[in-house]
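Spelled out, the chains give:
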Amino acid sequence: MASTKYELSKKDRNGTSELIVRFCYDRKHSYRLHTNIWVPQTAWNPSKGKLIIPRIHGKEQKRLSQLQAKVDDLSNFLKTESIEAPQSADKNYWIKKIRFFNNGVLAEPDSATVESDIYSESSERIIDAFNAFIEARIKNDKTKRHMITTMGIVRRYILYSKGCELLKDWTGEDLADFQEFLRIEHTFFENGICKKKWAYIYKGFSKMRVPKKRGGNRIHSIMKMLRIMFNWCVRTGRIKKSPFSTFHLDSCVFGTPFYMTIDELNTLYHFDFSNRPKLAIQRDIFVLQSNLGMRVGDFYSLTSANIINDAIEYIPGKTLHDSGDVVRVPLTERAKEIINRYQSDSNKSLVPFICEQKYNDAIKVMLKLAGINRMITTLNPTTRIEERHPIWEKASSHMARRNFIGNLYAQVQDPALISSMTGHRPGSRAFERYRAIHDDIKKPILKIFD
């Protein structure tokens, strides 16, 4: 597995230094590469190899957060590229890759970096490029659905802007306009009906859902998918330069993850649902998922064949076509108890699953009935405003994954150990979001003030 480690160069420019990345491609190849990313010397933590982000909200926090996000993006980019890198990849190859990451263009395209035939930059439509990209590169069904949805939004934007039909026409200014379109599209409808002024845009979209107001993170996700497609277009010679090279994409903003404590899980598991037998089944399934830490899509695909030597073995769907690594989660006694309760020759799945939406609804109901109503603070993803809710109101199947990670991390502060059972890649930024520091970890440290 490729790895990255950062350090400051000795050269400085007005109090900033360029980051140097030590990129270990495999066991035999390690390169020291210039990144052309300049960071404040005073904000660099050499022991952790990352920037020190101030806790106080302000311009400095935002600036350093964006810089750190770019550093993290570079690490992910290099690790992803290493998966398909040719055996002939040398230091010059990775210098070109970093140049491509920073500028969206390869200095000297050759057979090692161009994936297919060179296309005419003057004629290809962006929708045709999108279809080619999805066909060539997207294997995961869920990711494919997201990309097709993004392509549909781009089609509507082309009608809205009355331009940008050709791939080469897109500029940084068009991306800014497209981002604004994402923010305002929901205003084109009133009471679920399209306003007459915008009806011409939606004539060919009779089956689409009425757009809801999109939050900053949702907009970021759509823009990021569009950026991936444009970068691929550069790599395949369809365009010379990505419009994202002149467009700044803000980072996502996430609140602190919340999860149920072990005591709350025990309360739920032992609560008497005898008058609601169907709810009792879904309670058991939720507790089982909390003991396995799986994404709901992977969880729903489990059968008895996934049980090997008292453990669940599976390949996460999210990384199936990338690393393909097998994840193994030993079964707890409670997990075995639940699985045995529902195992029969007629059951094809591991436990009696229902549709995901009904499962999410059942989770909210079971927590409310069991009196699990601890107040939590969340960040509204649309308004970016802090809100407080009883935990059952915000509970979902994905909280089971957080239950697993949060409670394990409260006992063993070893990200590598826990991520080996959750399917996260080493250094995953997504894993960092899940890993909230539990109060029980903080309290012993604070005793110095007593």
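Residues numbered from 1 in each chain as written. Predicted model: local features only at pLDDT ≥ 70, side-chain atom pairs only at ≥ 80, totals over all residues. Heavy atoms only, no water.

S.K.: Kindly report on the side chain of Glu185, identifying the contributing residues and their values.
M.R.: Its place among the elements puts Glu185 in the loop between helix 5 (172-184) and strand 6 (189-190). Only 2.6 Å separates the side chain of Glu185 from the side chain of Arg156, close enough to count as a polar contact. For Glu185, the contacting residues outside a window of four places in its chain are Arg156, Tyr202, Pro211 and Arg214. (Helix = DSSP H or I, 4+ residues; strand = E, 2+ residues; numbered from the N terminus. Polar contact = N/O pair within 3.5 Å; in protein donor to acceptor, adjacent residues only side chain to side chain. Contact = heavy atoms within 4.5 Å.)

S.K.: Got a sec to walk through the confidence of the model for the chain? Specific residues and values, please.
M.R.: Segments scoring low in pLDDT should not have their predicted coordinates read at a detailed level. Of all residues in the chain, 86% attain a pLDDT of 70 or more, and the chain-wide mean is 83. Across residues 105-120 the pLDDT falls below 50, and counting only partners more than four positions away or on other chains, this stretch makes 32 contacts in the model. (pLDDT = per-residue confidence, 0-100.)

S.K.: An account of helix 4 (residues 141-161) is needed here, citing residue identities and associated values.
M.R.: Taking 1.5 Å of rise per residue, 21 residues should cover 30 Å, and helix 4 covers 30 Å from first to last C-alpha, within 8% of that figure. Of all the residues in helix 4, the buried ones are Met147, Thr150, Met151, Gly152, Ile153, Val154, Arg156, Tyr157 and Ile158. Tucked inside the fold, the buried residues of helix 4 contact helix 3 (126-137), helix 5 and helix 6 (216-235). Just beyond helix 4, the residue with positive phi is Lys162, at close to 55 degrees. (Expected span 1.5 Å × (residues − 1). Buried < 20%, exposed > 50% of the residue type's maximum accessible area, 1.4 Å probe, protein only.)

S.K.: Residues and numbers for the packing of aromatic side chains, please.
M.R.: According to the stated counting rule, one finds 22 aromatic pairs in the structure shown. Here Tyr157 and Trp170 contribute two aromatic rings whose centre-to-centre distance is 5.6 Å and whose plane-to-plane angle is 50 degrees, an arrangement assigned as tilted. Taken together, the residues Tyr157 in helix 4 and Trp170 in the loop between helix 4 and helix 5 connect sequence positions 13 residues apart. Lying across the ring of Phe205, Arg156 places its NZ or CZ 5.6 Å from the centre. Arg402 extends its terminal NZ or CZ atom over the ring of Phe258, reaching a point 4.4 Å from the ring centre. (Phe/Tyr/Trp six-rings, centres within 6.5 Å; stacked < 30°, edge-to-face > 60°. Lys NZ or Arg CZ within 6 Å of the ring centre and 35° of its normal.)

S.K.: Could you give an account of the pattern of salt bridges, naming the residues involved and the relevant values?
M.R.: Considering all chains together, one arrives at 18 salt bridges under this definition. Where Asp128 meets Arg125, a salt bridge forms, and the shortest distance between an N and an O atom there is 3.1 Å. By relative accessible area, Arg125 is classed as partly exposed at 32%. With its nearest N and O atoms 3.2 Å apart, the salt bridge here joins Arg341 to Glu337. (Salt bridge = Lys/Arg side-chain N within 4 Å of Asp/Glu carboxyl O.)

S.K.: Any details on the packing of helix 4 against helix 5? Residues and values, ideally.
M.R.: In contact at an axis separation of 11 Å, helix 4 and helix 5 are set at 105 degrees when each is read in the N-to-C sense. Taken together, the axes of helix 4 and helix 5 lie roughly perpendicular to each other. Taking contact as the criterion, the partners of Ile153, Val154, Arg156, Tyr157, Tyr160 and Ser161 in helix 4 are, on helix 5, Asp174, Asp177, Phe178, Phe181, Leu182 and Ile184. Among the residues forming the contact of helix 4 with helix 5, the class breakdown is 8 nonpolar, 1 polar and 3 charged. (Axes fitted to C-alpha atoms, helices over the stretch in contact; angles between N-to-C directions. Parallel < 35°, antiparallel > 145°, perpendicular 65-115°, else oblique. Nonpolar A, V, L, I, M, F, W, Y, C, P; charged D, E, K, R; others polar.)

S.K.: Tell me what's going on with helix 7 (residues 262-270), and back it up with residues and numbers.
M.R.: Along helix 7, the positions that sit buried rather than exposed are Glu264, Leu265, Leu268 and Tyr269. Across the axial projection of helix 7, the buried residues extend over an arc of 135 degrees, all falling on one side. Turned more than 90 degrees off the buried face of helix 7, the exposed positions are Asp263 and His270. Along its buried surface, helix 7 packs onto helix 8 (277-292), helix 10 (333-342), helix 11 (356-369) and helix 12 (397-411). (Arc of directions from axis to C-beta.)

S.K.: Tell me about the nonpolar core, residues and numbers included.
M.R.: Counting 64 residues, the largest nonpolar core has Trp94, Ile126, Trp170, Phe178, Leu226, Met229 and Phe230 as its most contacted members. For this core, the secondary-structure elements that each account for two or more residues are strand 2 (16-24), strand 3 (30-40), helix 1 (59-83), helix 2 (91-103), helix 3, helix 4, helix 5 and helix 6. Here this core takes 10 residues from helix 6, the largest share from any one element. Counting 48 residues, the second-largest nonpolar core is a separate cluster that includes Ile312, Ala335, Ala362 and Leu367. (Core = buried A, V, L, I, M, F, W, Y, C linked by side-chain atoms within 4.5 Å.)

S.K.: Outline the packing of helix 4 against helix 6, supporting the account with residue identities and numerical values.
M.R.: Running from N to C, helix 4 and helix 6 point in directions that differ by 95 degrees, and their axes come no closer than 10 Å. Between helix 4 and helix 6, the angle is such that the two are roughly perpendicular. On helix 6, the residues that touch His146, Met147, Thr149, Thr150, Ile153 and Val154 of helix 4 are Arg218, Ile222, Met225, Leu226 and Ile228. The residue makeup of the contact of helix 4 with helix 6, split by class, is 7 nonpolar, 3 polar and 1 charged.

S.K.: Quick rundown of the side chain of His389? Include the residues and the values.
M.R.: Mapping His389 onto the fold places it in strand 11 (residues 386-390). Only 3.0 Å separates the side chain of His389 from the side chain of Glu387, close enough to count as a polar contact. For His389, the side chain forms a polar contact with the side chain of Glu393, separated by 3.0 Å. Once you skip the residues sitting within four places of it in the chain, His389 turns out to touch Arg374, Met375, Ile376, Thr378 and Lys394.

S.K.: Report on a nonpolar patch on the surface, specifying residues and quantitative values.
M.R.: On the surface, Phe271, Val365 and Leu369 cluster together to form a nonpolar patch covering roughly 210 Å² of accessible area. With respect to the helices and strands, the residue Leu369 is situated in helix 11. (Patch = residues over 30% accessible without salt bridge, like charges linked within 9 Å, V, L, I, M, F, W, Y side chains within 5 Å. Areas by Shrake-Rupley, 256 points an atom, 1.4 Å probe, with all protein chains shown as cover.)

S.K.: An account of the environment of Ser349 is requested, with residue identities and associated values reported.
M.R.: Within the secondary structure layout, Ser349 lies in the loop between helix 10 and helix 11. Along the chain, Ser349 and Thr303 lie 46 residues apart, while their C-alpha atoms are 4.5 Å from each other. Beyond its immediate stretch of four places on either side in the chain, Ser349 contacts Leu302, Thr303 and Gln343. One polar contact links the side chain of Ser349 to the main-chain carbonyl oxygen of Val351, over a distance of 2.9 Å.

S.K.: Explain unusual backbone geometry to me, using residue names and the numbers behind them.
M.R.: The backbone of Asn36 sits at a positive phi, close to 60 degrees, despite the residue not being glycine. Relative to the helices and strands, Asn36 is located in strand 3. Of the residues examined, Asn36 reaches a relative accessible area of 48% and is grouped as partly exposed. Even without glycine at this site, Asn309 takes up a positive phi of about 50 degrees. Relative to the assigned elements, Asn309 resides in the loop between helix 9 (296-300) and strand 8 (311-314). Given a relative accessible area of 66%, Asn309 falls into the exposed group.

S.K.: Give me the pairing of strand 9 (residues 327-330): which residues, what numbers.
M.R.: Along strand 9, the buried face is formed by Val327 and Val329; none of Arg328 and Pro330, which line the opposite face, is buried. As paired strands, strand 8 and strand 9 are joined by 4 bridges and run antiparallel to one another. In the sheet register, Tyr314 faces strand 9, and the bridge partner there is Val327. (Pairing = 2+ DSSP bridges.)

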